[in-house]
Amino acid sequence: MQTTNNTERQIIEAARKIFVKKGLSGARMQDIADEAGINKAMLHYYYRSKDKLFEIIFNEALEQLLTRINQVFSGDMPFQEKVAAAVDNYISTLSTNPYLPLFIINEINQNPNRLLERFRHSPMFPNVQKFIMHIQEEMENGRIRKMDPMQLLLNTLSMCIFPFAARPIIQGLFQKTDEDFSRLMEERKQSVTEFILMSLRP
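Overview of the structure. (Residues numbered from 1 in each chain as written. Predicted model: local features only at pLDDT ≥ 70, side-chain atom pairs only at ≥ 80, totals over all residues. Heavy atoms only, no water.)

Core analysis: the largest hydrophobic core is formed by 55 residues, its most contacted members being I11, F19, I32, L43, L53, F79 and I196. At the level of elements, α1 (2–26), α2 (29–36), α4 (50–74), α5 (79–96), α6 (100–110), α8 (128–140), α9 (149–165) and α11 (178–199) are the ones that each hand at least two residues to this core. Leaving out residues up to four positions away in the same chain, L43 has contacts with I11, M29, I32, A33, I38 and L53. (Core = buried A, V, L, I, M, F, W, Y, C linked by side-chain atoms within 4.5 Å. Buried < 20%, exposed > 50% of the residue type's maximum accessible area, 1.4 Å probe, protein only. Helix = DSSP H or I, 4+ residues; strand = E, 2+ residues; numbered from the N terminus. Contact = heavy atoms within 4.5 Å.)

Written as structure tokens, this is what we have:
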């Protein structure tokens with residue numbers, strides 16, 4: 001049983017590397033088998049399709065993201081630290097799992113109800129209401145300017161997610177290598193946090 005579990009994890013880690021490099025459409029089962037150091041027949045024995053593998057990897061990454069964000073939203077840290085932590089966690093998770101935004105967009109276009117159910121049934125779905133209450137408390141105490149909390153959430157999500165969704169265009173237009181893009185996203189954590197907090201000054 002332990003050998004089986006090790007082989008499955010080996011395949012999943014290999015698939016993750018291939019999906020990061022080539023995306024869902026560009027990845028082939030042979031690529032995954034080669035990366036895992038096994039033959040294609042063994043790969044098919046464990047996982048019959050790359051879509052099934054991708055779903056497993058996607059669910060793991062999504063759960064990781066939701067868990068991290070939930071810890072931030074539910075935590076008792078000061079508001080400015082909470083914003084910085086949320087931005088850091090979004091960008092860090094997307095940097096590690098760059099296929100997430102495009103897969104989510106594809107799910108929204110093809111099967112939005114299935115994606116909604118994934119979020120609804122996640123035990124670690126972020127406590128958005130608690131974060132909204134924190135925003136409203138900051139507004140009432142005059143520490144940040146008044147605005148619709150939903151707009152703040154949407155602004156934060158958009159600024160974190162868009163560069164990853166548009167990565168091929170950004171790298172092509174500005175002639176950025178993968179290493180350049182990684183550095184840019186690391187710098188973006190501070191840039192987005194500062195932009196959001198400056199926009200909230202009373």
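On to the packing of α6 against helix α7 (residues 112–120), then. The angle between the axes and the distance between the axes are what describe a pair of packed helices. Look at α6 against α7: their axes get within 6 Å of each other, and the N-to-C directions meet at 125 degrees. It follows from the interaxial angle that α6 and α7 lie oblique. Across the interface between the two elements, I104, E107, I108 and Q110 from α6 touch P112, R114, L115 and R118 from α7. In terms of residue class, the contact of α6 with α7 is built from 4 nonpolar, 1 polar and 3 charged. (Axes fitted to C-alpha atoms, helices over the stretch in contact; angles between N-to-C directions. Parallel < 35°, antiparallel > 145°, perpendicular 65-115°, else oblique. Nonpolar A, V, L, I, M, F, W, Y, C, P; charged D, E, K, R; others polar.)

Bringing the side chain of T156 into the picture now. Position of T156 among the secondary structure elements: in helix α9. Side-chain polar atoms of T156 contact the backbone oxygen of L152, separated by 2.9 Å. Every residue in contact with T156, bar those within four places of it in the chain, is listed here: V87 and I196. (Polar contact = N/O pair within 3.5 Å; in protein donor to acceptor, adjacent residues only side chain to side chain.)

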